[in-house]
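Here's the letter readout for the chains.
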Amino acid sequence: MAKIDFKTSTYARLWGGRPSDRTLLQTIVNAEKLVGTNEAWYLTQGSVNPSFTPVDEHGLATFTVMEREIGVADMPNLRAPLGDTNAVEGLGVKSYSATIPDFTTNKIVEKAMARKQKEDLFNQLGTDADIIKEQWLPKVVNLRQSMNFGMNWMTGKLMSTGKIIYNGGHGVFAPIHKADIPAENFVTAGATVWTDTTAKIVTDMQRIESDFRDKWGFDGGMQWQMTRKFFINVFIKNEEVLKLVNDYRVLNDLVAATFTSINKDVFDSSWEAVRAAYGLSPIVLVEEKEYSKDNKTGEMKAINGWDDNIVVLRPVGDAVTFMRKQVLDETYAPFLSNSVERTFAPIANGLGTVMNTVVPSGMYNEWHTQILFSAVPALVEFTKHVIVDTSKTTA
């Protein structure tokens with residue numbers, strides 16, 4: 001039986017320069033059976049813009065988000081026979097602009113000795129299936145998770161504060177952009193902070209939602225968003241919330257006596273009726289958490305872009321659009337590249353790009369894999385996005 005050359009193996013071709021090699025890389029890094037389904041939280045809050053934002057000669061890509069103002073209809077006018085009426089003013093359009101930043105994950109580095117070990121294993125087994133599935137792909141999935149962490153954090157921060165100041169990772173720390181949310185859309189709790197169990201949370205929510213709906217003349221679907229931690233530790237332990245749920249359950253013969261604590265399953269079975277009776281929109285929980293390495297200690301710690309004290313009221317549907325530009329490395333590689341060999345493959349609906357490179361290192365080569373992405377969430381309903389700081393009061 002003829003010996004198969006490792007250089008023609010599937011694994012080696014993942015760093016190849018032919019169009020068929022790129023297609024192979026793209027197929028493997030996007031195969032759900034191999035890398036799993038990408039179920040990151042940020043993808044539940046919006047969609048990827050299908051078009052790339054154009055790039056100028058400095059590598060900057062500037063986008064503009066536009067939102068039409070809601071026109072509140074007026075009462076009709078009485079008129080004399082054949083009488084005229086008042087002209088209607090045109091609806092305005094609000095907008096804001098920002099640029100798209102560039103990101104990279106850490107990279108997988110395979111040195112010459114590790115490469116030789118894989119070649120020996122390939123020659124021994126006659127296949128590279130386990131090399132790809134058990135050794136390389138799990139690391140690629142980890143890189144994808146890193147990209148997801150960045151997109152999760154930015155989406156949570158933008159939706160809960162209206163701006164992004166990126167201080168994650170170990171590269172450049174800089175402001176990214178600020179959405180043009182009206183100042184009056186930043187509100188506080190009522191007379192009492194919501195972590196106080198005596199706070200009138202339902203009353204406050206009812207007032208806030210009613211006030212903004214009346215102001216906008218908006219009767220479309222809306223939703224409240226809060227972190228799961230805030231919901232479990234604060235909301236369903238609030239005295240007013242418990243009383244309303246308990247009253248509903250007693251009136252509907254669901255329980256013989258009231259209680260002072262409640263689990264989420266019991267709460268969900270009654271809250272839908274209570275919130276509808278009080279004119280409140282549904283509550284959607286924020287499931288966003290990332291991990292970041294401390295620059296000083298090297299310790300990995302959990303972080304969140306969305307702080308627990310922030311609750312948001314917004315229209316249902318997409319809150320953001322993920323704006324993107326072509327990764328510049330891929331654009332310039334065919335024209336201005338040095339001896340480094342590069343292979344690119346899009347992932348995550350085109351939001352990121354896997355880049356495999358063969359890099360000279362002394363007398364031998366190294367094989368690198370990293371994920372590049374030039375993308376950022378843009379708030380698309382910013383004029384109707386209400387941010388409630390529950391740790392501050394109106395007093």
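About the cut-offs
Residues numbered from 1 in each chain as written. Predicted model: local features only at pLDDT ≥ 70, side-chain atom pairs only at ≥ 80, totals over all residues. Heavy atoms only, no water. Helix = DSSP H or I, 4+ residues; strand = E, 2+ residues; numbered from the N terminus. Buried < 20%, exposed > 50% of the residue type's maximum accessible area, 1.4 Å probe, protein only. Contact = heavy atoms within 4.5 Å. Areas by Shrake-Rupley, 256 points an atom, 1.4 Å probe, with all protein chains shown as cover. Pairing = 2+ DSSP bridges. Axes fitted to C-alpha atoms, helices over the stretch in contact; angles between N-to-C directions. Phe/Tyr/Trp six-rings, centres within 6.5 Å; stacked < 30°, edge-to-face > 60°. pLDDT = per-residue confidence, 0-100. Expected span 1.5 Å × (residues − 1). Arc of directions from axis to C-beta. Bend = angle between axes of the 7 residues up to and from the residue. Polar contact = N/O pair within 3.5 Å; in protein donor to acceptor, adjacent residues only side chain to side chain.

Another point: the overall build of the protein. Looking only at helices and strands, the protein features 10 helices and 19 strands. Scored against the burial criterion, the 395 residues of the protein give a buried share of 44%. Residue pairs in contact within the protein that sit at least 24 positions apart in sequence constitute 74% of those at least 6 positions apart. Accessible surface, the protein: about 21500 Å² in total, of which carbon and sulfur atoms supply 53%.

Moving on, we get to the sheet that holds strand 10 (residues 283-286). What links the strands of a sheet is backbone hydrogen bonding, and the strands pair in either a parallel or an antiparallel sense. Spatially, 8-19-13-9-10 is the arrangement adopted by the 5 strands of the open sheet, whose pairing is mixed. Of all the strands in the sheet, the pair left with one neighbour each is strand 8 (186-188) and strand 10. Within this sheet the neighbouring strands show an average axis-to-axis angle of 25°, counted without direction. Examined bridge by bridge, strand 9 (residues 222-227) and strand 10 share 4 bridges and lie parallel to one another. Across the sheet, Trp-224 pairs through a bridge with Ile-283, a residue of strand 10. The strands touched by helix 5 (residues 129-161) within the sheet are strand 8, strand 9, strand 13 (310-315) and strand 19 (386-389), with strand 13 carrying the most contacts at an inclination of about 85°.

Moving on: the packing of aromatic side chains. Tallied over the full model, the rule gives 13 aromatic pairs. Their ring planes at 70° and their centres at 5.1 Å tell us that Phe-103 and Tyr-166 sit as a pair that is edge-to-face. With Phe-103 in strand 4 (residues 103-104) and Tyr-166 in strand 6 (residues 163-166), the pair connects residues that are 63 residues apart, well separated along the chain. This pair shows no difference in class: Phe-103 is buried, exactly as Tyr-166 is.

The next subject is the confidence of the model for the protein. The pLDDT averaged across the protein works out to 87; a share of 88% of its residues lies at or above 70. Mean pLDDT across the elements of the protein bottoms out in strand 7 (residues 174-178) (78) and peaks in strand 19 (98).

Moving on, we get to helix 4 (residues 112-125). Between its first and last C-alpha atoms helix 4 spans 20 Å; for 14 residues at 1.5 Å apiece the expected length is 20 Å, and the two agree. Buried residues of helix 4: Arg-115, Lys-118 and Phe-122, and no others. The buried residues of helix 4 all sit within an arc of 60° when viewed along its axis, so they share a single face. Every exposed residue of helix 4 that faces more than 90 degrees away from the buried side is listed here: Met-113, Gln-117 and Gln-124.

Let us now look at the sheet that holds strand 18 (residues 375-379). What the 3 strands build is an open sheet, ordered 1-14-18; its pairing is mixed. Either end of the sheet is taken by a strand with one partner, and the two such strands are strand 1 (46-48) and strand 18. The sheet shows a mean angle of 25° between the axes of neighbouring strands, taken without regard to direction. When strand 14 (residues 320-324) meets strand 18, the two strands line up antiparallel, connected through 5 bridges.

Here we take up helix 5. In a regular helix each residue adds 1.5 Å, so 33 residues correspond to 48 Å; helix 5 covers 46 Å between its end C-alpha atoms and thus fits that length. Where helix 5 bends most, at Leu-137, the angle is about 40°, and the proline Pro-138 comes one to four residues later. Downstream of helix 5 by one or two residues, Gly-162 has phi in the positive range, about 85°.

The next thing to look at is the pairing of strand 9. When a strand is regular, its side chains alternate between the sheet's two faces. Of all 6 residues that make up strand 9, 6 are buried, and the element is covered over most of its length. Of the two faces of strand 9, both are covered, the one formed by Met-222, Trp-224 and Met-226 as well as the one formed by Gln-223, Gln-225 and Thr-227. Sheet topology places strand 9 next to strand 13; 4 bridges connect them, and they run antiparallel. Bridge pairing in strand 13 links Gln-225 to Val-312.

Examined against the element boundaries, Gln-223 turns out to sit in strand 9. Polar side-chain contacts of Gln-223 include one of 3.2 Å to the side chain of Gln-225. Leave out the neighbours within four places in its chain, and Gln-223 touches Ser-281, Pro-282, Val-284, Val-312, Leu-313, Arg-314, Pro-315 and Val-316.

Before going further, it helps to examine unusual backbone geometry. Phi is mostly negative for residues that are not glycine, and the peptide bonds are mostly trans. Phi is positive for Ala-348, close to 55°, though the residue is something other than glycine. Tracing the backbone shows Ala-348 in the loop between strand 15 (341-347) and strand 16 (352-361). In this structure, Asn-349 takes a positive phi of about 60° despite not being glycine. Of note, Asn-349 is situated in the loop between strand 15 and strand 16. Of the residues examined, Asn-349 reaches a relative accessible area of 64% and is grouped as exposed.

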